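# Observations on chain architecture
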Amino acid sequence: MIVVRDPQLARADLARGQLPCPDCGTPLRPWGAARARVVRQADGTLRRLRPDRARCPGCRHTHVLLPVTSPPRSGYALDVVAAALVAHARGSGHRPIAAAQRVPADTVRGWLRRARRGLETIRRKAADQLSWADQDVFARLAPQPTLLGEYLNTLLAAADATVRRLRLTVPGLWPVAAMICSGCLLPDTGS
Ligand SMILES: [Zn+2]
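Small disclaimer: the values here were computed from a predicted structure and weren't measured. (Residues numbered from 1 in each chain as written. Predicted model: local features only at pLDDT ≥ 70, side-chain atom pairs only at ≥ 80, totals over all residues.)

Along the backbone of the chain there are seven helices and six strands. Going from the N terminus to the C terminus, the chain shows its helices and strands as β-α-β-β-β-β-β-α-α-α-α-α-α. Here the C-alpha radius of gyration of the chain, 17 Å, is about what a compact globule of 191 residues would show, namely 16 Å. Projected onto its principal axes, the C-alpha positions of the chain cover 45 × 40 × 30 Å. Long-range pairs, those at least 24 residues apart, make up 60% of the contacts in the chain with a sequence separation of at least 6. (Helix = DSSP H or I, 4+ residues; strand = E, 2+ residues; numbered from the N terminus. Rg over C-alpha atoms; globule rule 2.2 N^0.38 Å. Contact = placed C-beta atoms within 7 Å.)

This part covers the environment of P187. Tracing the chain through its elements places P187 in the segment after α7 (174-181). If near-sequence neighbours (up to four positions away) are discounted, P187 is found in contact with R114, R117, G118 and T121.

So, about the packing of helix α6 (residues 147-166) against α7. Two numbers describe how α6 lies on α7: the axes approach to 8 Å, and their chain directions differ by 105 degrees. When the axes of α6 and α7 are compared, the pair comes out roughly perpendicular. Contacts between α6 and α7 pair L155, L156, A158, A159, T162 and V163 from the former with V176, A177, I180 and C181 from the latter. Among the residues making up the contact of α6 with α7, the classes are represented as nine nonpolar, one polar and no charged. (Axes fitted to C-alpha atoms, helices over the stretch in contact; angles between N-to-C directions. Parallel < 35°, antiparallel > 145°, perpendicular 65-115°, else oblique. Nonpolar A, V, L, I, M, F, W, Y, C, P; charged D, E, K, R; others polar.)

In this section: the sheet that holds strand β5 (residues 52-55). The mixed open sheet is built from four strands, whose spatial order is β1-β6-β5-β2. The strands lining the two open edges of the sheet, one partner per strand, are β1 (2-4) and β2 (29-33). Adjacent strand axes in the sheet meet at a mean angle of 35 degrees, parallel and antiparallel pairs treated alike. Across three bridges, the pairing between β2 and β5 is antiparallel. When the bridges of β5 are listed, R29 appears paired with R55. Most of the contacts of helix α1 (residues 7-15) go to β5, to which it runs at about 30 degrees, and overall it touches β1, β2, β5 and β6 (62-67). (Pairing = 2+ DSSP bridges.)

Attention shifts here to the packing of helix α3 (residues 94-101) against helix α4 (residues 105-117). Across the interface, α3 lies against α4 with an axial gap of 8 Å and an inter-helix angle of 120 degrees. Classified by the angle their axes make, α3 and α4 are oblique. α3 and α4 meet at a crossing whose hand is right-handed. Of α4, the residues touching α3 (which contributes H94, R95, I97 and A98) are A105, V108, R109 and L112. Among the residues making up the contact of α3 with α4, the classes are represented as five nonpolar, one polar and two charged. (Left-handed = near helix turned anticlockwise from the far one by under 90°.)

Looking now at the domain arrangement of the chain. When its domains are assigned, the chain resolves into domain 1 (2-67) and domain 2 (78-181). Computed over C-alpha atoms, the centres of domain 1 and domain 2 are 23 Å apart. Across the boundary between the two partners, domain 1 contributes five residues, which contact six residues of domain 2. Counted by class, the side of domain 1 that touches domain 2 contains two nonpolar, one polar and two charged residues. (Domains from an automatic or database assignment.)

Core analysis: the largest hydrophobic core is formed by 50 residues, its most contacted members being V81, L85, L155, A177 and L185. Ranked by residues supplied to this core, first place goes to α6 with nine residues. Each of two domains, domain 1 (2-67) and domain 2 (78-181), supplies a minimum of three residues to this core. (Core = buried A, V, L, I, M, F, W, Y, C linked by C-beta atoms within 7 Å. Buried ≥ 20, exposed ≤ 12 C-beta atoms within 10 Å, placed from the backbone.)

Printed below as a string of structure tokens:
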């Protein structure tokens, strides 16, 4: 899986041979589409998504180009998952979060479990990115009540610093944060 910020741009890069394989660096080639999925948005609407797929002529691995706004194996938009993680970081349990976000409690519990498994990766990627984007911000980060809160706070600060450093125009910080994280907000249950 490759997390992409802009699926149209990624498709164009792929067609031009400018999207490298994350495993070996060889330019990927278009390889049809992955299976269709339905992604529930924050407003409750459903959006059908059929991500592009790419294949590496070098190592022969195939990769799904998943938009950053649709976290893998969640069935929900990034906004919904992010809101659940933020609420948990502030001390909420999975049941009240589920009620507030209108998501089944078991689904939220699964997200929280996966996020806990990804904690160390969130910490490392957020710190690396913030070191690159704006080292001085570290000293200004406010203490948070939980480790998850601390790492998400660092991640958002890294996203904010990245937006400033690269002069990006973005609708919100979470897609940038999720790109920095590249799947670490909700790591696969298997790993
Ligand atoms: Zn490869």
